[in-house]
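# Analysis of the macromolecular model
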Amino acid sequence: MAGDGKNWEGLLKWSLSQSDGTRPPRDLSEEDKKWLMEAMQSQTVDVIKRMKEITLVMQTPEQVLVSQGVTSADIEDMLDELQEHVESIDMANDLHSIGGLVPLLGWLKNSNAGIRAKAAEVVTTIVQNNPKSQQLVMEANGLEPLLSNFSLDPDVTVRTKSLGAISSLIRNNKPGIAAFRLANGYASLRDALGSESVRFQSKALNLLHYLLQANTSDRNVVTELGFPRLMMHLASSEDANVREAALRGLFELTKDRPTQNSETDSATTPTPSSEDDEKLKQILQNRIDNIATMSPDDLGAAREERQLVDSVWRACYNEPSALHEKGLVVLPGDDGELPPDVTGKLFEPPLRAWASNPTESVGRSGSGEDEKKKSPLLLGPGPGPS
């Protein structure tokens, strides 16, 4: 805001001089008050006014913007600014009131991949831990273009950003989860796991883990769609985040599977074939062998992977893994033996964690019996024979 006639640096120096402890406080003169207010107001952005201006641009047809010399970089910068404004939940909800939400969703279909990706980022910020905006986006059919971009966009960044927006939109949102399932969302997640982008794979695995926690009846669905084999493959990924996310998914599928002495409801806990079981055992053994050769620093960084490998082994074979025998499951300084619940951390936005519902975990766990009574939805065909 340089050049606007206000002396911001002078205001700072004046403020410091009035509070340096060398003189007693004094009342401001009317002239000083007027100068102080003008200086402060010059640095204040009218957020609503600015969001209305951005909305006007978003409502302008793309060809008109091009004819007026507006570039895609200009639009992405403007969306960056809008994203900063809607970090506030109140501002996020006000975007709909001033008519900006629908045109923003329209930009998910823009011809420029950078604009599509940035629009998805803004949607992510708007709906994070914000039930009202989640509902508004659902009512505006915002899930449809996000699912389309997630599943079909030729640009992997657009697909990844759209998946992030979907994850935030359907979190703790039962209508959103239902719509995702009915739109063959699981089939699209399966396709995402075959991507070469580790970031895309990781986001897909994280959403899958959350959905399995929220809907235990979907274990059969993901098994029929071939997820276990994909996750077994990704458990050997060179990327640590992908490995851990794959192990979390495998643990979610296997932690309640029946053993010889158990009476677990097999309707929601599918049992793998002996071939898959042997393959999983070999993969886990390979990870155990790799972990056993790690340096102390690498062992510390692999804390969650160590615990997840042991937990999956225990769930599948009803005995501790070799990591336990080697004393590598819990090291000095580790907090506990079982893997932590990381789903909340992965989906919590940095500026809105305080707004999350403290009773949400109770709601999820309390719905387990109801979920078991429902027949699982078969969403799309399973994978062909390998």
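Residues numbered from 1 in each chain as written. Predicted model: local features only at pLDDT ≥ 70, side-chain atom pairs only at ≥ 80, totals over all residues. Heavy atoms only, no water.

An unreviewed UniProt entry lists the protein chain under the name TOG domain-containing protein, with Acorus calamus given as the organism.

Counting across every chain of the model gives four aromatic pairs. Ring geometry for Phe180 against Tyr186: centres 6.1 Å apart, planes inclined by 75°, an arrangement best described as edge-to-face. Residue classification places Phe180 among the buried residues on the basis of a relative accessible area of 0%. Take Tyr186: its relative accessible area is 0%, and that puts it in the buried class. Relative to Phe227, the ring of Tyr186 has its centre 6.4 Å away and its plane inclined at 80°; by these criteria the two rings are edge-to-face. Pair noted here: Tyr186 is in helix H13 (residues 185-193) and Phe227 is in helix H16 (residues 227-234), with a separation of 41 residues, a long-range link. Side by side, Tyr186 and Phe227 carry an identical accessibility label, which is buried. Three or more aromatic residues link up through ring pairs in this structure, and these residues are Phe180, Tyr186 and Phe227. (Phe/Tyr/Trp six-rings, centres within 6.5 Å; stacked < 30°, edge-to-face > 60°. Buried < 20%, exposed > 50% of the residue type's maximum accessible area, 1.4 Å probe, protein only. Helix = DSSP H or I, 4+ residues; strand = E, 2+ residues; numbered from the N terminus.)

To continue, consider the pattern of salt bridges. One pass over the structure, following the stated rule, counts 14 salt bridges. One salt bridge connects Asp80 with Lys118, and the closest N-O pair in it is separated by 2.6 Å. Residue Asp80 is located in helix H5 (residues 72-85), and its partner Lys118 is located in helix H8 (residues 113-127); the two are separated by 38 residues in the primary sequence. Its salt-bridge partner being Arg287, residue Glu305 comes within 2.8 Å of it at the nearest N-O pair. You can see Glu305 sitting in helix H20 (residues 303-317) and its partner Arg287 sitting in helix H18 (residues 274-292), a full 18 residues away along the chain. The same class applies to Glu305 and to Arg287, which are both buried. Bridged by salt links that share partners, the residues Asp80, Lys118, Glu121 and Lys161 form one connected network. (Salt bridge = Lys/Arg side-chain N within 4 Å of Asp/Glu carboxyl O.)

The predicted model of the protein chain averages 82 in pLDDT, with 73% of residues at 70 or higher. Every residue in residues 1-6 scores below 50 in pLDDT, and together they form seven contacts with partners more than four places removed in sequence or on other chains. Here residues 358-382 is a poorly scored stretch, pLDDT under 50, and it has 35 contacts once near neighbours within four places are set aside; other chains count. (pLDDT = per-residue confidence, 0-100. Contact = heavy atoms within 4.5 Å.)

A word on the packing of helix H14 (residues 198-214) against helix H17 (residues 240-254). Direction vectors running N to C along H14 and H17 enclose 20°, while the axes themselves pass 9 Å from each other. Of the possible angle classes, the one that applies to H14 and H17 is roughly parallel. By crossing handedness, the relation of H14 to H17 is classed as left-handed. Contact residues: H14 offers Val198, Gln201, Ser202, Leu205, Asn206, His209, Leu212 and Gln213, while H17 offers Asn241, Val242, Ala245, Ala246, Arg248, Gly249, Glu252 and Leu253. Across the contact of H14 with H17, the residue classes break down as seven nonpolar, seven polar and two charged. (Axes fitted to C-alpha atoms, helices over the stretch in contact; angles between N-to-C directions. Parallel < 35°, antiparallel > 145°, perpendicular 65-115°, else oblique. Left-handed = near helix turned anticlockwise from the far one by under 90°. Nonpolar A, V, L, I, M, F, W, Y, C, P; charged D, E, K, R; others polar.)

One non-glycine residue with positive phi stands out, namely Asn129, at about 45°. For Asn129, the position within the fold is in the loop between H8 and helix H9 (131-139). Phi is positive for Asn172, close to 55°, though the residue is something other than glycine. The partly exposed category is assigned to Asn172, whose relative accessible area is 37%.

On to the environment of Asn93. Of note, Asn93 is situated in helix H6 (residues 89-97). Along the backbone, Asn93 and Val127 are 34 residues apart, and their C-alpha atoms lie at a distance of 9.1 Å. Every residue in contact with Asn93, bar those within four places of it in the chain, is listed here: Asn130, Lys132, Ser133 and Leu136.

This paragraph deals with helix H12 (residues 174-182). Residues separated by three or four positions in an α-helix point in the same direction, a consequence of the helix having 3.6 residues per turn. Of all the positions in H12, only Gly176, Ile177, Phe180 and Arg181 are classed as buried. In a view along the axis of H12, the buried residues occupy a sector of 135°, so they form one face of it. Exposed residues on H12 whose side chains face more than 90 degrees from its buried face are Lys174, Pro175 and Leu182. Positive phi shows up at Asn184, right after H12, with a value of about 60°. (Arc of directions from axis to C-beta.)

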